[in-house]
Amino acid sequence: MDVNALSQWIGDKVAPSPLIAVQGFANSSESEDEEEKLTDPPSARAWLVSLGLASPAIDVDRDGLARLIELRRLIRALIDANATGKQDAAANAKLAAIAAQHPVPVAVGAGGDVGIDLEPVGSVDGLIAQLIGVVMRAQMDGTWSRLKVCAADTCRWAFYDGSKNRRGHWCSMEVCGSRHKARLYRARHKTG
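Every value quoted in this text rests on a predicted model; they were computed, and no experiment measured them.

1. Details of the nonpolar core
Argument step 1. Of all hydrophobic cores here, the largest spans 52 residues; its most connected members are Leu19, Val22, Leu48, Leu53, Leu68, Leu71 and Trp144.
Argument step 2. Sorting the residues of this core by element identifies helix H1 (3–10), helix H2 (19–26), helix H3 (41–50), helix H4 (62–84), helix H5 (89–101), helix H6 (124–141), strand S3 (147–149) and strand S4 (158–160) as the ones contributing at least two each.

Pasting the structure below:
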């Protein structure tokens, strides 16, 4: 993964590496400020390669694209649960089935340290396995619960909540948070 490219693309409230890969992948869906990145196989391939999530050797066909979009939906459901506390049992069961078919790639360093192989992958299945491994690692190291989806219905951008109390709701307090506060203010001061 290209951490610099991912950081620049995501902008603010960036997750630490390697969780940034999952954050970037989750944000590939259409939002207020971004268009869909997984529209067709060629554009999906180009986007994945440009951010270092996949090697130039990756081949994304229609089936692979559908599997990536499904994985993104399931990951976004997990991220959404970090803010709402509501788990989607059906999404979790589907993710469990996908995880069973995609063993996490392992790398062993020169010092014998074992971890997820984070080299850019050359297949859709490899990317699915790698992203599931990153989610697992983040859940184990405690960073997962800080990855959330913006509470603004018009936004829904995945952001990393670095606040001390872990109670952030907005990808940007200056934009989404301010809009929410302005709406509340107008509602309280509405005349007639």
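2. A short note on H6
Argument step 1. Over its 18 residues, H6 runs 26 Å from end to end, which matches the ideal 26 Å to within 8%, given 1.5 Å per residue.
Argument step 2. The secondary structure elements touched by the buried residues of H6 are H2, H3, H4, H5 and strand S2 (114–116).
Argument step 3. Following H6 by one or two positions, Gly142 adopts a phi angle in the positive range, close to 90 degrees.

3. Comments concerning the side chain of Ser55
Argument step 1. Mapped onto the elements, Ser55 comes out in the loop between H3 and H4.
Argument step 2. The buried category is assigned to Ser55, whose relative accessible area is 16%.

4. Some remarks on empty space enclosed by the protein
Argument step 1. Tallied over the full model, the rule gives 1 cavity of 30 Å³ or more.
Argument step 2. Counted by class, the lining of the largest cavity contains 5 nonpolar, 2 polar and no charged residues.

5. So, the environment of Ser145
Argument step 1. Note that Ser145 resides in the loop between H6 and S3.
Argument step 2. A relative accessible area of 32% places Ser145 in the partly exposed class.
Argument step 3. Excluding residues that lie within four positions of it along the chain, Ser145 makes contacts with Asn82 and Arg166.

Quick notes on the rules
Residues numbered from 1 in each chain as written. Predicted model: local features only at pLDDT ≥ 70, side-chain atom pairs only at ≥ 80, totals over all residues. Heavy atoms only, no water. Core = buried A, V, L, I, M, F, W, Y, C linked by side-chain atoms within 4.5 Å. Buried < 20%, exposed > 50% of the residue type's maximum accessible area, 1.4 Å probe, protein only. Helix = DSSP H or I, 4+ residues; strand = E, 2+ residues; numbered from the N terminus. Expected span 1.5 Å × (residues − 1). Contact = heavy atoms within 4.5 Å. 1 Å grid on protein atoms, 1.4 Å probe; cavity = no way out; pocket = protein on both sides within 12 Å on 5 of 7 lines; lining within 4 Å. Points joined across faces, edges and corners; volume = space filled by probe spheres on them. Nonpolar A, V, L, I, M, F, W, Y, C, P; charged D, E, K, R; others polar.

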